[in-house]
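Listed below are the residues making up each chain.
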Amino acid sequence: MKKVSLIILGLVCVTAVIAQTLASNESPVNPLRAAAFAWTQTTFDFGKIKVNAPVTHEFKFTNSGDAPLVITSVQASCGCTVAEYSKDPIPSGAQGFVKATYNAAKVGVFAKTVTINSNTEDGVVLLTIKGEVVN
């Protein structure tokens, strides 16, 4: 009885090993990669700018994923910054933009963020603009 049990156990183990070997030799399925940002930069320094003189920087990106990239919302960290962005879905390999305009009302150093919400795997990206406002 012990011999029969050992033979059956051995056959089960061999079958499992053969099944795993066959499964690993199959070509892998390439699932669709989600949309993905590939930014040229995520921070921009304006340097010294004049008070009450709006400045603008356009952040550019490429959709490096396989699915169309959709920006669902863009929010500036304060009322002194306004953002525009690509509103249409960005196909794989295509480029889009987020444009940040800062209007300095007072002298001093500043650092502001623009929050991008999208259908990418990470979901949220922060862009930063900074500089120094002078008279």
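What counts and what doesn't
Residues numbered from 1 in each chain as written. Predicted model: local features only at pLDDT ≥ 70, side-chain atom pairs only at ≥ 80, totals over all residues. Heavy atoms only, no water. Phe/Tyr/Trp six-rings, centres within 6.5 Å; stacked < 30°, edge-to-face > 60°. Buried < 20%, exposed > 50% of the residue type's maximum accessible area, 1.4 Å probe, protein only. Helix = DSSP H or I, 4+ residues; strand = E, 2+ residues; numbered from the N terminus. Lys NZ or Arg CZ within 6 Å of the ring centre and 35° of its normal. Pairing = 2+ DSSP bridges. Axes fitted to C-alpha atoms, helices over the stretch in contact; angles between N-to-C directions.

## Observations regarding the packing of aromatic side chains
Taken as a whole, this structure holds five aromatic pairs when the rule is applied. Aromatic side chains phenylalanine 37 and tryptophan 39 sit 4.8 Å apart centroid to centroid with 25 degrees between the ring planes, which places their arrangement in the stacked category. Here phenylalanine 37 matches tryptophan 39 in class, with each residue buried. With 4.8 Å between their ring centres and 85 degrees between their planes, phenylalanine 37 and phenylalanine 61 make a pair best called edge-to-face. Of this pair, phenylalanine 37 sits in strand β1 (residues 37-39) while phenylalanine 61 sits in strand β3 (residues 55-63), and the two are 24 residues apart along the sequence. Within the aromatic cluster, the residues linked to one another by ring pairs are Phe37, Trp39 and Phe61. We note lysine 87 situated over the ring of tyrosine 85; from NZ or CZ to the ring centre the distance is 3.9 Å.

## What to know about the sheet that holds strand β6 (residues 95-102)
Taken together, four strands build an open sheet; the order of strands is β1-β3-β6-β5 and the sheet is antiparallel. Only two strands of the sheet have a single partner each, and these edge strands are β1 and β5 (81-85). Direction aside, the axes of adjacent strands within the sheet are offset by 30 degrees on average. Relative to β6, β5 is paired through five bridges, and the arrangement is antiparallel. The residue of β6 that forms the bridge with tyrosine 85 is valine 98.

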